[in-house]
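# Structural characterization, general
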Amino acid sequence: MKKLIYLDNAATTKTAPEVVEAMLPYFTEKFGNPSSVYSFASGNKEAISEQRDVIAGVLGAKSNEIYFTAGGSESDNWALKATAEAYGEKGNHIITTKIEHHAILHTAEYLEKRGFEVTYLDVDEDGKIRTEDLERAIRPSTILISVMFANNEIGTIQPIREIGKIAHDHGILFHTDAVQAFGQVPINVDECHIDMLSASGHKLNGPKGIGFLYIRKGVKIRSFVHGGAQERKRRAGTENVPGIIGLGTAVKRAAATMEERAGKEKSLRDYLIGRVMEEIPYCRLNGHKTDRLPNNANFSFQFVEGESLLIMLDGKGICGSSGSACTSGSLDPSHVLLAIGLPHEIAHGSLRLTLSEETTKEDIDYVVDSLKEIVGTLRNMSPLYEDFLKKGKN
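Figured I'd write up the structure that's included with this text. (Residues numbered from 1 in each chain as written. Predicted model: local features only at pLDDT ≥ 70, side-chain atom pairs only at ≥ 80, totals over all residues. Heavy atoms only, no water.)

### Remarks on the sheet that holds strand β5 (residues 142-146)
- Reading across from one edge, β2-β8-β7-β6-β5-β3-β4 is the order of the 7 strands in this open sheet, with mixed pairing throughout. A strand with exactly one partner marks an edge of an open sheet, and here the two such strands are β2 (66-69) and β4 (117-121). Sheet twist, expressed as the mean angle between neighbouring strand axes with direction ignored, is 20°.
- Direction of pairing for strand β6 (residues 173-177) relative to strand β7 (residues 196-200): parallel, over a ladder of 3 bridges. (Pairing = 2+ DSSP bridges. Helix = DSSP H or I, 4+ residues; strand = E, 2+ residues; numbered from the N terminus. Axes fitted to C-alpha atoms, helices over the stretch in contact; angles between N-to-C directions.)

### Regarding unusual backbone geometry
- The backbone of His-193 shows a phi angle near 55°, a positive value even though the residue is not glycine.
- Within the secondary structure, His-193 sits in the loop between β6 and β7.
- One non-glycine residue with positive phi stands out, namely Tyr-282, at about 55°.
- Within the secondary structure, Tyr-282 is located in the loop between α8 (241-279) and β9 (283-286).

### Examining the pattern of salt bridges
- One pass over the structure, following the stated rule, counts 25 salt bridges.
- Among the salt bridges present, the one from Glu-373 reaches Lys-316, with a minimum N-O distance of 3.5 Å. Of this pair, Glu-373 sits in helix α12 (residues 361-380) while Lys-316 sits in the loop between α9 (306-315) and β11 (318-319); the two residues are 57 residues apart in sequence, bridging distant segments of the chain.
- A relative accessible area of 47% places Glu-373 in the partly exposed class.
- Exposure remark for Lys-316: the relative accessible area of 25% places this residue in the partly exposed category.
- Residue Glu-386 pairs with Lys-390 through a salt bridge whose shortest N-O separation is 3.4 Å. Placement of both Glu-386 and Lys-390 in helix α13 (residues 383-393) is noted, with a separation of 4 residues, approximately one turn of the helix.
- Overall, the relative accessible area of 45% leaves Glu-386 in the partly exposed class. (Salt bridge = Lys/Arg side-chain N within 4 Å of Asp/Glu carboxyl O. Buried < 20%, exposed > 50% of the residue type's maximum accessible area, 1.4 Å probe, protein only.)

### What to know about the pairing of β6
- Counted residue by residue, β6 has 5 buried out of 5 residues, so it is predominantly covered.
- Taking every second residue as pointing to the same face, both faces of β6 are buried, with Leu-173, His-175 and Asp-177 on one and Phe-174 and Thr-176 on the other.
- The pairing of β5 with β6 spans 3 bridges and is classified as parallel. Each residue of the ladder has a partner; that of Leu-144, found in β6, is Leu-173.
- Note that the unit made of β5, helix α6 (residues 160-169) and β6 has a crossover that is right-handed. (Right-handed = clockwise from strand over helix to strand, strands pointing away.)

### Comments concerning the environment of Met-277
- Positionally, Met-277 belongs in helix α8.
- Sequence separation between Met-277 and Ile-5 is 272 residues, and the spatial gap between their C-alpha atoms is 21 Å.
- With sequence-adjacent residues up to four places away left out, Met-277 is seen in contact with Cys-283, Arg-284, Leu-285 and Phe-299. (Contact = heavy atoms within 4.5 Å.)

### Notes on the side chain of Thr-142
- With respect to the helices and strands, the residue Thr-142 is situated in strand β5.
- Accessibility expressed as a relative area gives 3% for Thr-142, which makes it buried.
- In this structure the side chain of Thr-142 is engaged in a polar contact, spanning 2.7 Å, whose partner is the side chain of His-93.
- Only 2.8 Å separates the side chain of Thr-142 from the backbone nitrogen of Arg-139, close enough to count as a polar contact.
- Beyond its immediate sequence surroundings of up to four residues, Thr-142 is in contact with His-93, Ile-95, Ala-137 and Ile-172. (Polar contact = N/O pair within 3.5 Å; in protein donor to acceptor, adjacent residues only side chain to side chain.)

Shown next, in the form of structure tokens:
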């Protein structure tokens, strides 16, 4: 088997062995439906409650404020659609940003077709919103502000505490898509004035198909899935017990290792960024230099096409991406890179590398050496690069 260096952890992570081990009994010996009344099943109900406690404890929330979902996209949809339904009589205006995940952007478009007005905030060249722009965008009819905690493509962390305070001071609900940030950086929902928060298990070494939505007590949003009384009558459907066990185990693990893991990833990330920026000309780092996720590095290479770059990296056993995994089939440049002001031709030459706790310095050296070779090869094949060099000599 050829060498494999996996640097696409923003797309998904490897499920940790202890997470798999914790889940396995719930597929076999402990397979009971938690809604059943007999004791064989009631143990599963207690196990679910324990995972709710773990997640709530990490967020500084109450256990009855955690609602299990099928993942981040469902949680985002629930937060926006149910808020619009529940608070529609109070107002019809929602504020979000131009760099949100498509689970937010497409849901916002859906609501616009149903009479809601949405303001999409611009970001600066580092991918941060300006809080003064947020203040100016607020109307008497504003019912929700939804701003992601950290961007999934360029890693920029938003000023969430300030955003939450602005929302709180104006009596507006605040939702954050924390799918990339939860488990990577500390989050306290009270300190940040967060009313709703989305997260997903497979971004933090947990299983796919499980996530949660934190809903602050007192927020009057309604059921998103109808049919049963599960999740305190707010999300029907038989609970995904193995998934919930896996999620809780992954959250506990992430919280226990966060400081050490983030330190290691940040050190390697900065080493990666330093080598690439120093050794590959006509390259740009995308995202904030310091206020970014510890494992995220995003570059744009002039005179290079991102898809060709990914294919050639794959040939060397290196897994990366050119943006969000949810839009990997699209030929359009990243909406995030366009929003931070990159022209189409440079946005097309982007590469996102996201590290894990298993990444080593030797991995980074191999990746950078491979990148230098591949970028050089692709540029030598580019007529635009040839023209650029000719103009430089004239």
